[in-house]
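Commentary on secondary and tertiary structure
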Amino acid sequence: MAAEPPHPPELRVSVTEIRRHLGSRLAVERDLEAQGMALALTEVGVPDGARLVLRGELESISEGVVLTGTVAVPWVGACRRCLQPVTGTAEIDVREVWEVHPTDGETWPLVNDQIDVGPLLHDTALLALPLAPLCADDCAGPAPERFPAVAADDAEPAPGEPAEQAGERRDPRWAGLDDLQL
């Protein structure tokens with residue numbers, strides 16, 4: 001029997017007071033402890049125990065509330081060029097609507113004058129993770145001169161082959177071009 005995927009944690013915020021007066025506002029700051037949040041095919045994820053932090057403001061509208069703010073998501077991964085560990089924090093702007101009668105895929109449900117920001121933080125964190133992080137913009141990756149991409153027996157010239165100039169190695173994949181007469 002296949003295991004069910006974990007449900008996003010609940011993090012409820014009461015909006016009873018601002019729902020009484022249209023246009024009223026409420027500052028909100030919540031955090032959620034991350035557990036098991038990573039991209040399936042990459043080594044990028046939110047470390048277990050890290051805090052996802054939501055800072056924003058709720059505003060009452062006729063059918064519900066609007067949340068405007070930012071979510072801070074700490075992440076860890078491996079540099080796509082040199083494979084060294086990389087850490088960072090993504091700051092994502094959010095603007096979401098909770099309604100009494102939500103539109104599927106567009107708004108969130110408002111139930112008993114409470115909103116649940118847990119699924120929003122969960123989804124935002126996963127969408128914020130970089131697919132191919134870099135340790136630095138000028139990361140050159142592995143040094144091809146120090147770590148050539150040829151097999152050990154291909155590194156030495158075969159008998160009868162011309163010796164390369166000192167310090168210069170030829171890539172054997174280009175050898176077929178030597179026979180072309182241009």
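This one's a predicted model, so the numbers in the text were calculated from it and none came from an experiment.

Scanning all chains against the criterion turns up one aromatic pair. Ring plane angle 25° and centroid distance 6.0 Å describe the contact between Trp98 and Trp108, whose orientation is recorded as stacked. With Trp98 in strand E7 (residues 85–99) and Trp108 in strand E8 (residues 108–109), the pair connects residues that are ten residues apart, well separated along the chain. Note on Trp98: relative accessible area 1%, which makes it buried.

Another point: a nonpolar patch on the surface. A cluster of nonpolar side chains, contributed by Trp174, Leu177, Leu180 and Leu182, occupies part of the molecular surface with about 550 Å² of accessible area. A relative accessible area of 46% means that Leu177 is categorised as partly exposed.

Where strand E2 (residues 25–33) and strand E5 (residues 51–61) come together, nine bridges link them in antiparallel fashion. Bridge pairing links Asp31 to Val53 in E5. Remark: two residues form the turn of the hairpin made by E5 and strand E6 (residues 64–78), two consecutive strands paired antiparallel.

On average, residues of the chain score 83 in pLDDT, and 81% of them reach the 70 mark or higher. Across residues 1–5 the pLDDT falls below 50, and counting only partners more than four positions away or on other chains, this stretch makes zero contacts in the model.

Turning our eyes to something else, we now look at the environment of Glu43. Position of Glu43 among the secondary structure elements: in the loop between strand E3 (37–38) and strand E4 (45–46). A relative accessible area of 70% means that Glu43 is categorised as exposed. Each C-alpha atom, one on Glu43 and one on Cys79, is 9.6 Å from the other, the two residues being 36 residues apart in sequence. Discounting chain neighbours no more than four positions away, the residues touching Glu43 are Val76, Gly77 and Ala78.

As a further point, take the nonpolar core. In globular proteins that are soluble, nonpolar side chains generally tend to be buried together. Counting 36 residues, the largest nonpolar core has Val46, Leu52, Leu58, Val73, Trp98 and Ile115 as its most contacted members. Among the secondary structure elements, those contributing two or more residues to this core are E2, E5, E6, E7 and helix H2 (118–128). For Ile115, the residues in contact, after removing those within four places along its chain, are Leu11, Arg12, Val13, Val15, Leu58, Val65, Trp98 and Leu110.

Considering all chains together, one arrives at eight salt bridges under this definition. A salt bridge links Arg55 to Glu29; its shortest N-O distance comes to 3.6 Å. Separated by 26 residues along the polypeptide, Arg55 in strand E5 and Glu29 in strand E2 bring together distant segments of the chain. You can call Arg55 partly exposed: its relative accessible area is 45%. By relative accessible area, which is 49% here, Glu29 ends up partly exposed.

With that settled, consider the side chain of Thr107. Inspection of the secondary structure assignment puts Thr107 in the loop between E7 and E8. Of note is the side chain of Thr107, whose polar atom sits 3.2 Å from the side chain of Glu99. In terms of polar contacts, Thr107 uses its side chain to reach the backbone amide nitrogen of Thr103, at 2.7 Å.

All right, on to the environment of Thr87 then. Structurally, Thr87 is set in strand E7. The residues contacting Thr87, other than those within four sequence positions of it, are Trp75 and Val76.

Take H2 next. Since the α-helix advances by 3.6 residues per turn, residues separated by three or four positions end up pointing in the same direction. Of all eleven residues in H2, eight are buried, a share of seventy percent or more. The complete set of buried residues in H2 reads Gly118, Pro119, Leu120, Leu121, His122, Thr124, Ala125 and Ala128.

Conventions adopted
- Residues numbered from 1 in each chain as written.
- Predicted model: local features only at pLDDT ≥ 70, side-chain atom pairs only at ≥ 80, totals over all residues.
- Heavy atoms only, no water.
- Phe/Tyr/Trp six-rings, centres within 6.5 Å; stacked < 30°, edge-to-face > 60°.
- Helix = DSSP H or I, 4+ residues; strand = E, 2+ residues; numbered from the N terminus.
- Buried < 20%, exposed > 50% of the residue type's maximum accessible area, 1.4 Å probe, protein only.
- Patch = residues over 30% accessible without salt bridge, like charges linked within 9 Å, V, L, I, M, F, W, Y side chains within 5 Å.
- Areas by Shrake-Rupley, 256 points an atom, 1.4 Å probe, with all protein chains shown as cover.
- Salt bridge = Lys/Arg side-chain N within 4 Å of Asp/Glu carboxyl O.
- Pairing = 2+ DSSP bridges.
- pLDDT = per-residue confidence, 0-100.
- Contact = heavy atoms within 4.5 Å.
- Core = buried A, V, L, I, M, F, W, Y, C linked by side-chain atoms within 4.5 Å.
- Polar contact = N/O pair within 3.5 Å; in protein donor to acceptor, adjacent residues only side chain to side chain.

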